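Now for the letters of each chain:
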Amino acid sequence: MAIRSVWTRTRLTAPSTLLLSQSRRSLSSQSRQNLRLTSPLSSRHLRQPIHGSFRRAYADAAPAPKPKKRFRALRWASRLTLLTGVGLTGWLAYSIYTLGHPVEQVEPDPDKKTLVILVPLPGTGWGAISLLKKLDTENYNVVVISPRNFFLFTPLLPSCTTGLIEHRSVMEPIRNIIRQKKGVVKYYEAEATKVDFENRLVHISDDSEIKGEVSNTVVPFDMLVVGVGAENATFGIPGVKEHSCFLKEVGDAQQIRKRIMDCVETALFKDQTEDEVKRLLHMVVVGGGPTGVEFAGELQDFFEEDLKKWIPEIKDNFHVTLVEALPNVLPMFSKQLIDYTESTFKEEKITVRTKTMVKKVTDNSIEAEVTKPDGSKEIETIPYGLLVWATGNAVRSVVRDLMNQIPAQKSSRRGLAVNEYLVVNGTENIWAVGDCAITNYAPTAQVANQEGAFLARLFNTMAKTDDIERELKKLSAAQAVAKNEEERNKVFDEIKERQKQLRRTKQIGPFQYSHQGSLAYIGKERAVADISWVSGNFASGGTMTYLFWRSAYLSMCFSTRNRCLVAFDWIKTKIFGRDVSRE
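The shown structure was predicted, so the numbers you read here are calculated from the model rather than taken from an experiment. (Residues numbered from 1 in each chain as written. Predicted model: local features only at pLDDT ≥ 70, side-chain atom pairs only at ≥ 80, totals over all residues. Heavy atoms only, no water.)

(A) Local environment of the overall build of the protein chain. Within the protein chain, the regular secondary structure consists of 19 helices and 25 strands. For the protein chain, the residues scored as buried account for 43% of the 583 residues in total. Roughly 32300 Å² of accessible area belongs to the protein chain as shown, and the carbon and sulfur atoms make up 53% of that amount. (Helix = DSSP H or I, 4+ residues; strand = E, 2+ residues; numbered from the N terminus. Buried < 20%, exposed > 50% of the residue type's maximum accessible area, 1.4 Å probe, protein only. Areas by Shrake-Rupley, 256 points an atom, 1.4 Å probe, with all protein chains shown as cover.)

Put into structure tokens, the structure is as follows:
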């Protein structure tokens, strides 16, 4: 009986197997003594009482099964997510810290060339900001001239008109950018009124409300980048400039926002006629490009998500119409996405009037020439409460004056003609980027951004080339006065090395635009995207494309500050809705 007690506490080792064969025998004291010596068990175990049967003893002696490794992938995914979150938080904190703590800058060197950059009136400046961000300002004495001391992220400007995003969230102060550069960059808040090509002077004028003793002066330059953009084109149509709202800068977005609420509140005024109510609540957008399409979608969202909820009296009369002279909207997109956009607008109850050309604008209606399916044309009057003009670019006066000074620009009509290095034809030290430059590419923000980055590389390369050529001159002089052949050979080796560097530096090629694709928001949390791939274009539309549209625009914002503000505005609007106050 005692052996059972031993077996229940012992694993099936070699000594315990021997004891099992003697389980039916009686054990002498000597055997017990031998058992204590051979068994790994202590005497305490031998004195324990017997429990259970043989099968229970075997079960107790068998090794316990190892627990199965479940959810291993989930655990690793959670750890990876945690590490990613910590890393992004650290990167965000570092970015915010560096933005708020700029380093000391190198003062301008009078011996270096003066590079003047002209920024457009609305302060958009995609080419200029791309140039400034990538330019090594230690190589030049950089001067920036702009009538607005901020850059504007125009792709999100339609969202500002309805209060989805606050206008300051898409504005990046010029001072924030130039203060982060290694070399000091001078900035003058002024408008460039004239460029003196022969004398290398830029005439500037202070157009602010508060003026000092000097409000007009000149800025000399060795190198000039003209990036003043273009102004709104009215195509000579009477009444457009006087009665339309444009969508180029922050003031335009604020004006549209006030006009929308003015129309709504005036339509609800006591004893207003039914026809007048319908006119006031009819919002017309002229231009079927990305800006016009996105604004129409944002405006319809504003009505569906907020206006109709807080002002239900207008739900039967509020209407959005998109007018386009071409046969379809978004002509730069694929046919598949054009059809998807038009069907989505139809679902959202946005009227699309294609083949409709505006001929005249009054304070309450537009006269348009409509082409019917049979090819016949007729004049139609379309009443409106709000008219937004979102089509066409025109040459600014300062660009036109510069074109008149350069004989090689006489035949140019739409802007400054440039060569493959963006040098203005007929000049050697003037470059042009953005909407004011005539290239083989469409005047879009994407093109201007790549042009600015190209000029930054070009100017950085030119500075390195000048430094190497100066060193070569010094080495040539040193070789001429060398005292012995060993010293001459040493200088000669240095000259050969500098010449290799010079050849590598001068190998920068001409500007080549790489189209990354086109994006447009079409309302109802849907977007369309025509993305360029190696094997061709990829067309997509819907809610997932809308999420891609948001993430793409968020990543394209000028700084971490802008990204945080825009993301907070989206979250705030999702929780509280848009503000329906007038201001």
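(B) View of the pairing of strand 24 (residues 526–533). Of all eight residues that make up strand 24, six are buried, and the element is covered over most of its length. As paired elements, strand 23 (residues 517–523) and strand 24 share six bridges and run antiparallel to each other. In the sheet register, glycine 523 faces strand 24, and the bridge partner there is arginine 526. As consecutive antiparallel partners, strand 23 and strand 24 are separated by two residues, and within that stretch lysine 524 has a phi angle of approximately 60°, a positive value. (Pairing = 2+ DSSP bridges.)

(C) Structural view of the UniProt feature "transmembrane region" (unreviewed entry) in the protein chain. Within this structure's numbering, the places UniProt gives as "transmembrane region" (unreviewed entry) are residues 76–97. This span, residues 76–97, is 100% helix and 0% strand, and a straight line between its end C-alpha atoms measures 31 Å. (UniProt positions renumbered as here; feature names shortened; annotations may be inferred.)

(D) Layout of the sheet that holds strand 8 (residues 216–220). Across the sheet, which stays open at both edges, the three strands sit in the order 6-7-8 with antiparallel pairing between neighbours. Edge positions in the sheet fall to strand 6 (191–196) and strand 8, since each of these pairs with one other strand and no more. Sheet twist, expressed as the mean angle between neighbouring strand axes with direction ignored, is 25°. (Axes fitted to C-alpha atoms, helices over the stretch in contact; angles between N-to-C directions.)

(E) Spatial organisation of the pairing of strand 13 (residues 319–323). For strand 13, the buried fraction is high: four of the five residues fall into the buried class. Bridge count for strand 12 (residues 282–286) against strand 13 is five bridges, and the pairing is parallel. Looking across to strand 13, one finds that valine 286 is bridged to valine 323. For the crossover that starts at strand 12, traverses helix 13 (residues 290–310) and ends in the parallel strand 13, the hand is right-handed. When strand 13 meets strand 14 (residues 350–353), the two strands line up parallel, connected through four bridges. Bridge pairing in strand 14 links valine 323 to arginine 353. In this fold, strand 13 hands off to helix 14 (residues 335–347), which returns the chain to strand 14; that crossover is right-handed. (Right-handed = clockwise from strand over helix to strand, strands pointing away.)

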